[in-house]
Amino acid sequence: MTKPTKQITAEDALLFHSEGKPGKVEINPTKPLLTQRDLSLAYSPGVAYPCLEIEKDPATAYDYTAKGNMVAVISNGTAVLGLGKLGALASKPVMEGKSVLFKRFAGIDSVDIEVDTTDAEEFINCVRYLGPSWGGINLEDIAAPECFIIEQRLKELMDIPVFHDDQHGTAIITAAGLINACHLTGRKIKDIKLVVLGAGAAGIACMELAKSLGVKHDNALLVDREGVIYKGRTKSMNQWKSAHAADTKDRTLTDALRGADVFYGLASKGAVTKEMVKHMAPRPIIFAMANPDPEITPEEVKAVRKDAIVATGRSDYPNQINNVMGFPYIFRGALDVHASEINEEMKLAAAKALAALAREEVPEEVSSAYSGRKMEYGTEYVIPVPFDPRLITTVPAAVAQAAMDTGVARKPIKDMGAYKMQLQARLDPTANMMNLVFKRLRTHPKRVIFSEGEEERVIRAAVLWRDNGYGTPILVGREKHIHEAMDRMGITSRKGIEISNARLSKKNLDSYIAYLYKRLNRKGYLERDISRLVKNDRNTFAAVKLAMGEADLMIAGLTRNYTVTLEEIQRAIDTKHGKTLFGMSMVFTERGTIFMADTAVHELPSPERMADIAIQAAEEVRCMGYHPRVALLSFSNFGNPAREKTIRIREAVAELDRRQVDFEYDGEMSAEVALDPKVMELYPFCRLSGPANVLIMPALHTANIAAGLLQELGDRTVIGPILMGLEKPAQILQMGATVSEILNLAALAAIDVIEEEERLRRIAEAKEARGTKSKKAAAGTRKLKKAPAKSRKAKKAA
């Protein structure tokens, strides 16, 4: 198990929330608003027509407004995370964060509402009259017992889903884990003894859903600060606790856990001892979910009960109980059938879908990201992980089906298969991929050289690289300048960050110079020229260090022209044998991710070079988990208009034909044909099965300009250009790159290193296996030769 590291500082968090546009959310129009006619349709007079239709039939609000994909995240700030009663305004960053998660994981638009009252009736009246605005309401961070009153009353008063995630989100994920843990230990849920520590919102909701799964009332003990909640207890009781009062002689947590099969912890750090765990039933199931520190750690449990199944709320242990696997997908399913509520059957359907998903084979990209853990159904994998891309198609479909089966769906889904395909399209696999990249990097940390180590953005990226456990950052620069910059930035901890320059590398300097001189002495360089380059040029110095194996990758280019930086790196590092050096940019869009090449190296590539780039780009894209569809772009479409400049593109397509490649490709075509399926239909002979996701650009200037425009004007996230084809992974930033962009590029470069290491390991293992097989065969032959003559005769006779 990995040791948790301090990953987020107050400075990091405040800077993240304040830089650029303050906060985390904004609202963008979904219709064009360019002309007077557009404005007249969007507002007066055109807007009157949908208003009249909605007046006649309120259900058409789902057709003419954003209601069907809109959830309100509402709080009064009385129980904010683990911070307590902060008030409505102070809860806003959390509610914005919840809105971001809705969008990120399920494509749901969300608005945060902070209600400045602690009075339950005032809160209820405020929310109930705002109800027509949204398709659902997610209540958040409201203290018990008011949260029970508020949710129940709003469910009675409103005809849209009302869901308190602090209660039901935790309960659903926990129930999924319980189903599988009981399956693995051979238990029937109706026979288990369950102990729930914590009688707040989450504890009571977990208890209720467990009973819905089949746990018997008197086999389920609820425990609060006063002890076991039993029939006849009067101290510190309310109607919600009384509903779970059991007929039992147990009075303390120690009593309750004696012989218990399952423990749910929703209380505080250290509430459970090893001695308590020791007296639980064989193969105990322990879900210690207090955050940030559990009631008892997995290490403490395993010290006394090696047969236990343990889950926590922490991401650094197996079996994380994380609500993000629930609420986005539950609302997705509810919204898509216009559900009037989220009922018990829909919650159970979500829990069972999560449990079933954990029993399926885990995709390779997910296993790679969580390497070091056994990513298959078993005691350390009873629930899926948050970044499993299958969640978007599994949980919403199950919830939607349950809504239809129980009669609360106002718009039933006719074709569930087609619906699952629509759900898959909502998830941007690249955003998911980047999360998996960083997860994987934590288990395979790398040494990265930042050649512009005196720059504040680079220093901040280096600190994040260290703090997140991605590896060791090496800052190239003058110590005094780097330390002064760190002092200005308030960075006190220098441990784990290396500083390197020519003065600090005296013992290796001669070998650096000798290495570079051997490479460049026939290219017009004298030895003294090389000495000056190594000592004074940071990019050359960093590239030589990388070439000589002192780091795994390097990042450069923040303050220097891309082409100049590439030339400096190429002094020390060659292109891989048989490969073409080119740049590929990743463009994140709402419709998915587009890859563009070559955006960095070749000014006017030949047909053969374009074919090389297309083949390597398709290979890279396939490694990222995509099915490559390659379009070779031009201003013309399949010979119309016929121009001399387009011949090169057609010849590149012919070259791909000759090479008989194993991916979809076609050209020459314009960007409109490549990306718009309706325009593509005008060319029924086009070989692409759908919109292209790999665009091979006709020239460097068009590629670079297009990528730059998308970055600056298109409100898109662009990563790259990512250099492909170098023997050592060196990457070049765009001038003025942000800290986030520096980290993204470094992470992608590190993954290349990890992939290459794993490829070499597989080759070595295969070679070793062949050697072992050969030795066994040789040993068998020797044994046969040494066999007694009588045995050979007998064998021959037989």
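The structure presented is a predicted model; accordingly, all values stated were derived computationally and were not measured. Residue numbers run consecutively from 1 along every chain, following the written order of its sequence. Given that the model is predicted, a residue must reach a pLDDT of at least 70 before its local features are reported, and side-chain atom pairs must reach 80 or more before they are shown or counted; all residues, however, enter totals for whole chains, interfaces and linings. To get the side-chain values, all heavy atoms of the structure are used, and hydrogens and water are removed first.

## Things to note about the overall build of the chain
Now for step 1: Secondary structure assignment for the chain yields 32 helices and 21 strands.
Now for step 2: The atom set for the radius of gyration is the C-alpha atoms, and the globule formula is 2.2 Å times the number of residues raised to the power 0.38. Relative to its length of 798 residues, the chain is compact, with a C-alpha radius of gyration of 31 Å against a globular reference of 28 Å.
Now for step 3: The principal-axis extent of the C-alpha atoms belonging to the chain is close to 95 × 95 × 75 Å.
Now for step 4: Residue contacts follow a heavy-atom distance rule, with two residues in contact if any of their heavy atoms lie within 4.5 Å. The contacts of the chain with a sequence gap of at least 6 include a subset with a gap of at least 24, amounting to 70%. Segments assigned H or I by DSSP are reported as helices when at least four residues long, segments assigned E as strands when at least two residues long, and all are numbered from the N terminus.

## A look at the sheet that holds strand β15 (residues 582–589)
Now for step 1: A pair of strands counts as paired when DSSP detects no fewer than two bridges linking them. If you trace the six strands from one edge of the open sheet to the other, you get β18-β17-β19-β16-β15-β20, paired in mixed fashion. Since the sheet does not close on itself, it has two edges, and those belong to β18 (664–669) and β20 (717–724), each with one partner. Each neighbouring strand pair of the sheet contributes to a mean axis angle of 20°, computed without reference to strand direction.
Now for step 2: In this structure, strand β16 (residues 592–597) lies alongside strand β19 (residues 694–696), joined through three bridges in parallel fashion. Lines fitted to C-alpha atoms define the axes here, with helix axes fitted over just the stretch in contact, and angles between the N-to-C directions of these axes take values from 0 to 180 degrees.

## A word on the confidence of the model for the chain
Note: predicted coordinates in regions of low pLDDT should not be interpreted at a detailed level.
Now for step 1: Confidence per residue, as judged by the predictor, is encoded in pLDDT with a range of 0 to 100. Summary statistics for the chain give a mean pLDDT of 90 and a share of 94% for residues scoring 70 or more.
Now for step 2: In the model, residues 1–6 has pLDDT below 50 throughout and makes 10 contacts with residues more than four positions away in sequence or in other chains.
Now for step 3: Taken as a whole, residues 791–795 scores under 50 in pLDDT and shows four contacts with residues more than four places along the chain or in a different chain.

## Side note on the sheet that holds strand β21 (residues 730–732)
Now for step 1: Strand order across the open sheet formed by five strands is β13-β12-β11-β14-β21, with parallel pairing between neighbours. Edge strands, defined here as strands with exactly one partner in the open sheet, are β13 (498–500) and β21. Averaged over all neighbouring strand pairs, the angle between strand axes comes to 25°, with direction disregarded.
Now for step 2: Where strand β11 (residues 446–450) lies against strand β12 (residues 471–476), five bridges are found, and the strand directions are parallel. When the sheet's bridge partners are listed, K446 is paired in β12 with G471.
Now for step 3: Along the sheet, helix α25 (residues 562–570) contacts β14 (553–556) and β21; its crossing angle with β21, the most-contacted strand, is approximately 165°.

## Here we look at the pairing of β12
Across a regular strand the side chains alternate sides, sitting on one face of the sheet and then on the other.
Now for step 1: Taking burial as the measure, the six residues of β12 include five buried ones, the bulk of the element.
Now for step 2: Assignment of crossover handedness uses the view with strands pointing away from the viewer, where a clockwise path from the first strand over the helix to the second indicates a right-handed crossover. In this fold, β11 hands off to helix α20 (residues 456–467), which returns the chain to β12; that crossover is right-handed.
Now for step 3: Two elements, β12 and β13, share three bridges in a ladder whose sense is parallel. Bridging from a neighbouring strand, V476 pairs with S500 of β13.
Now for step 4: For the crossover that starts at β12, traverses helix α21 (residues 479–489) and ends in the parallel β13, the hand is right-handed. Exposure is judged per residue with a 1.4 Å probe applied to protein chains only, and the accessible area is read against the type maximum: over 50% gives exposed, under 20% gives buried, and values in between give partly exposed.

## Here we look at the pairing of strand β9 (residues 285–288)
Now for step 1: By the alternation rule, side chains of β9 split into I285 and F287 and I286 and A288, which are all buried.
Now for step 2: As defined by bridge partners, strand β8 (residues 262–265) adjoins β9 across four bridges and the pair is classed as parallel. Residue pairing across strands places G265 opposite A288, the latter belonging to β9.
Now for step 3: Note: β9 against strand β10 (residues 309–312), four bridges, orientation parallel. Bridge pairing in β10 places A288 opposite T312.
Now for step 4: In this fold, β9 hands off to helix α13 (residues 298–304), which returns the chain to β10; that crossover is right-handed.

## A look at the pattern of salt bridges
Now for step 1: Salt bridges are identified by distance alone: a Lys or Arg side-chain nitrogen within 4 Å of an Asp or Glu carboxyl oxygen. Under the counting rule described, the total for this entry stands at 50 salt bridges.
Now for step 2: The residue R440 makes a salt bridge to E758 at a minimum N-O spacing of 2.8 Å. Residue R440 is located in helix α19 (residues 429–443), and its partner E758 is located in helix α31 (residues 739–785); the two are separated by 318 residues in the primary sequence. Grouping residues by exposure puts R440 and E758 together as buried.
Now for step 3: The partner of R503 in a salt bridge is E479, and the shortest N-O contact between them spans 1.9 Å. Here E479 lies in helix α21 and R503 lies in the loop between β13 and α22 (506–520), a separation of 24 residues in the sequence.

## Side note on the side chain of S75
Now for step 1: Within the secondary structure, S75 is located in strand β1 (residues 70–75).
Now for step 2: Pairing of N or O atoms within 3.5 Å defines a polar contact, subject to two protein rules: one partner must be a possible hydrogen donor and the other a possible acceptor, and residues neighboring in sequence count only if both atoms are side-chain atoms. Within the structure, the side chain of S75 is placed 2.9 Å from the backbone nitrogen of G77, a separation counted as a polar contact.
Now for step 3: Sequence-distant contacts of S75, that is, excluding residues within four places in its chain, are made with S91, M95, I113, E114, V115, F123, E140, D141 and I142.

## Overview of unusual backbone geometry
Now for step 1: The omega torsion across S44 and P45 is 10°, close enough to zero to call that bond cis.
Now for step 2: Within the secondary structure, P45 is located in the loop between α2 (36–42) and α3 (48–56).
Now for step 3: That bond from G667 to E668 is cis: its omega, -5°, falls within 30 degrees of zero.
Now for step 4: Topologically, E668 is positioned in strand β18.
Now for step 5: One non-glycine residue, D141, lies in positive phi territory at about 50°.
Now for step 6: Of note, D141 is situated in the loop between β3 (136–139) and α7 (146–157).
Now for step 7: Even without a glycine there, the phi angle at Q660 is positive, about 55°.

## Remarks on the nonpolar core
Now for step 1: Of all hydrophobic cores here, the largest spans 101 residues; its most connected members are I74, I137, L139, I172, Y264 and M346.
Now for step 2: Those residues in contact with I172, other than ones at most four positions away along the chain, are F163, L209, I330, K347, A350, A351 and L354.
Now for step 3: We define the nonpolar core as a collection of buried residues of types Ala, Val, Leu, Ile, Met, Phe, Trp, Tyr and Cys that are connected through side-chain atoms lying within 4.5 Å of one another. Judged by nonpolar contacts, the second largest core, of 65 residues, contains A461, M610, A618 and V630.

## Brief notes about the packing of helix α15 (residues 344–358) against helix α17 (residues 391–405)
Now for step 1: For the pair α15 and α17, interaxial distance at closest approach is 8 Å and the crossing angle is 150°. Between α15 and α17 lies a crossing whose hand is right-handed. Residues E345, M346, A349, A350, A353, L354 and L357 of α15 form the contact with α17, whose participating residues are L391, T394, V395, A398, V399, A402 and A403. The sense of a crossing depends on the near helix, which, turned anticlockwise from the far helix by less than a right angle, makes the crossing left-handed and, turned clockwise, makes it right-handed.

## Some thoughts on the environment of L154
Now for step 1: You can see L154 is positioned in helix α7.
Now for step 2: With a relative accessible area of 0%, L154 lands in the buried category.
Now for step 3: The residues contacting L154, other than those within four sequence positions of it, are I124, V127, R128, L139 and V162.

## Comments concerning the packing of aromatic side chains
Here a ring pair, both rings aromatic, is described through the centre-centre distance and the interplanar angle of the planes.
Now for step 1: Ring geometry is summarised as follows: Phe, Tyr and Trp rings, the Trp one being its six-membered ring, pair when their centres sit within 6.5 Å, and such pairs are stacked at plane angles under 30 degrees, edge-to-face over 60 and tilted between the two. Enumeration according to the criterion identifies 14 aromatic pairs in this entry.
Now for step 2: Taken together through their ring pairs, the aromatic side chains of F102, F163, F327 and F331 make up a single cluster.
Now for step 3: Should the NZ of a Lys or the CZ of an Arg lie within 6 Å of a ring centre and within 35 degrees of the ring normal, that charge is described as sitting over the ring. The ring of F327 has K98 sitting right over it, with the charged end atom 3.8 Å from the ring centre.
Now for step 4: Above the plane of the ring of F105 lies R104, whose end atom (NZ or CZ) is 4.7 Å from the centre.

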